Amino acid sequence: MRGVVLISGSGSNLQAIIDQANNIDLDVSCVISSHADAYGLTRAEKANIPTHVIDHTEFDSREDFDQAVSKTIDQYNPDIVILAGFMRIFTEAFAQHYCGKMLNIHPSLLPKFQGLNTHQRAIDAGESEHGVSIHFVTAKLDGGPIIAQSRVAILADDNSSSLAKRVLVEEHKLFPKVIHWFTQGRLKLENDNAVLDGKIL
Ligand code: GAR
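Caption draft 1: Fine view of the pattern of salt bridges. A complete count under the given rule lists 5 salt bridges for this structure. With its nearest N and O atoms 2.5 Å apart, the salt bridge here joins Arg-151 to Glu-129. With Arg-151 in strand 7 (residues 146-153) and Glu-129 in strand 6 (residues 129-136), the pair connects residues that are 22 residues apart, well separated along the chain. In this structure, Asp-158 and Arg-166 form a salt bridge, with 2.7 Å as the shortest nitrogen-oxygen distance. Judged by relative accessible area, which is 26%, Arg-166 ranks as partly exposed.

Caption draft 2: Fine view of the packing of aromatic side chains. Evaluated as defined, the whole model comprises 5 aromatic pairs. Between Phe-59 and Phe-65, the ring centres sit 5.7 Å apart and the planes meet at 70°, which makes this aromatic pair edge-to-face. Residue classification places Phe-59 among the partly exposed residues on the basis of a relative accessible area of 26%. Site record: aromatic cluster; members linked through ring pairs are Phe-59, Phe-65, Phe-86, Phe-90, Phe-94 and Tyr-98. For Arg-88, the ring lying beneath its charged end belongs to Phe-65, and the centroid distance is 6.0 Å.

Caption draft 3: Representation of the pairing of strand 5 (residues 102-106) within the structure. Within strand 5, 5 of the 5 residues are buried, which leaves the element mostly enclosed by the surrounding structure. With 3 bridges connecting them, strand 4 (residues 80-83) and strand 5 associate as parallel partners. Directly across from Leu-83, in strand 5, lies its bridge partner Asn-104. At this point the chain moves from strand 4, through helix 4 (residues 92-97), to the parallel strand 5, and the crossover so formed is right-handed. With 4 bridges joining them, strand 5 and strand 6 adopt antiparallel strand pairing.

Caption draft 4: Fine view of the site of the ligand. Around the ligand sit Gly-9, Ser-10, Gly-11, Ser-12, Asn-13, Gly-85, Met-87, Ile-105, His-106, Pro-107, Leu-168 and Glu-171, and those are all the residues in its vicinity. Separating an oxygen atom of the ligand from a side-chain N or O atom of Ser-10 is a distance of 3.3 Å. A distance of 2.9 Å separates an oxygen atom of the ligand from a polar backbone atom of Asn-13. Contact with the protein chains removes 85% of the 450 Å² of surface that the ligand exposes when unbound.

Caption draft 5: Molecular detail of the sheet that holds strand 8 (residues 187-190). Spatially, 8-9-10 is the arrangement adopted by the 3 strands of the open sheet, whose pairing is antiparallel. The sheet is open, and its two edges are formed by strand 8 and strand 10 (199-200), each paired on a single side. Bridge count for strand 8 against strand 9 (residues 193-196) is 4 bridges, and the pairing is antiparallel. Each residue of the ladder has a partner; that of Leu-189, found in strand 9, is Ala-194.

Caption draft 6: Local environment of helix 3 (residues 62-75). Counted at 1.5 Å a residue, the expected span for helix 3 with its 14 residues is 20 Å, and the 20 Å between its end C-alpha atoms agrees. Turning to helix 3, its buried residues are Phe-65, Asp-66, Ala-68, Val-69, Ser-70, Thr-72 and Ile-73. The inward-facing, buried residues of helix 3 contact strand 1 (2-7), strand 2 (27-33), strand 3 (51-53), strand 4 and helix 4.

Cut-off values and rules
- Residue indices begin from 1 for each chain and proceed along its sequence in written order.
- This being a predicted model, a pLDDT of at least 70 is required before a residue's local features are given, and a value of 80 or more before pairs of side-chain atoms are given or counted; all residues contribute to the totals for chains, interfaces and linings.
- Hydrogens and waters are ignored; side-chain quantities use all the structure's heavy atoms.
- Salt bridge, as used here: a side-chain nitrogen of Lys or Arg that lies within 4 Å of a carboxyl oxygen of Asp or Glu.
- Note on conventions: DSSP H or I runs of at least 4 residues are helices, E runs of at least 2 residues are strands, and numbering of each starts at the N terminus.
- Between buried and exposed lies partly exposed: a residue is buried under 20% and exposed over 50% of the maximum accessible area for its type, with that area taken using a 1.4 Å probe on protein chains only.
- Aromatic rings from Phe, Tyr and Trp, taking only the six-membered ring of Trp, are treated as a pair when their centres fall within 6.5 Å; an angle between ring planes under 30 degrees marks them as stacked, one over 60 as edge-to-face, and anything in between as tilted.
- When the NZ atom of lysine or the CZ atom of arginine is within 6 Å of a ring's centre and also within 35 degrees of its normal, the charge is said to sit over that ring.
- Pairing between strands is defined by DSSP: at least two bridges between the two strands are required.
- Convention used here: a crossover is right-handed provided that the path from the first strand, over the helix, to the second strand proceeds clockwise when the strands point away from the viewer.
- Put simply, a residue is near a molecule or strand once any heavy atom of it comes within 4 Å of that molecule or strand.
- Whenever a nitrogen or oxygen atom comes within 3.5 Å of another N or O atom, the pair is scored as a polar contact, on the condition that within protein one atom can donate a hydrogen and the other can accept it, and that pairs from neighbouring residues in sequence are kept only if both atoms are in side chains.
- In this description, accessible areas are obtained by the Shrake-Rupley approach with a 1.4 Å probe, and a residue is regarded as covered only by the protein chains that are shown.
- For a helix, the expected span equals 1.5 Å multiplied by the residue count minus one.
- Residue contacts are counted whenever heavy atoms from the two residues lie within 4.5 Å of one another.

Worth remembering: the numbers are spatial, not functional.
Have a look at this one:
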């Protein structure tokens, strides 16, 4: 299956996907970054994957930015669009366009801690556990149907970076696994529900 991966930063999830690509029947057609200095671009180049930078600061509106991203994605006619640390909020039209084939990874146990600084916010809230969620993208920010989550305990001496590191380990395991469900045709979005092997998740 052909996939396009969108990033904004380090691209460690992208790396996990590239490393597993053969095992999960995924052909990464291109990587698109909203930031020219994203290290993930180097990771893609090392893997001989075409890259595109679409710098959000060069666009006057969210609509214009989204249209440019869409145009680039659609050149590759992908079966799946993978948001791997893409830190932009989409317009509803963009989300609709890829409805049922766009997955996002978010570093919290959704619906808790949507948005930014999730690790610090989980610590500040006195949570005993934290983690990662993967969901279908719908028009709601970090709010589409959840497909899978992994949990980590929050330790007494955790700070946001120690916690982020442990969550990332789980992200790198969970994202390729969920993408594989999708490429195998086992995972679908049906009536706003995430469905795996015919069962609502
Ligand atoms: C990851 O922790 C991912 O869950 C998060 O950005 C990080 C990207 O790291 N995504 C979001 O916050 C989306 N709202 P990476 O570039 O090393 O994969």
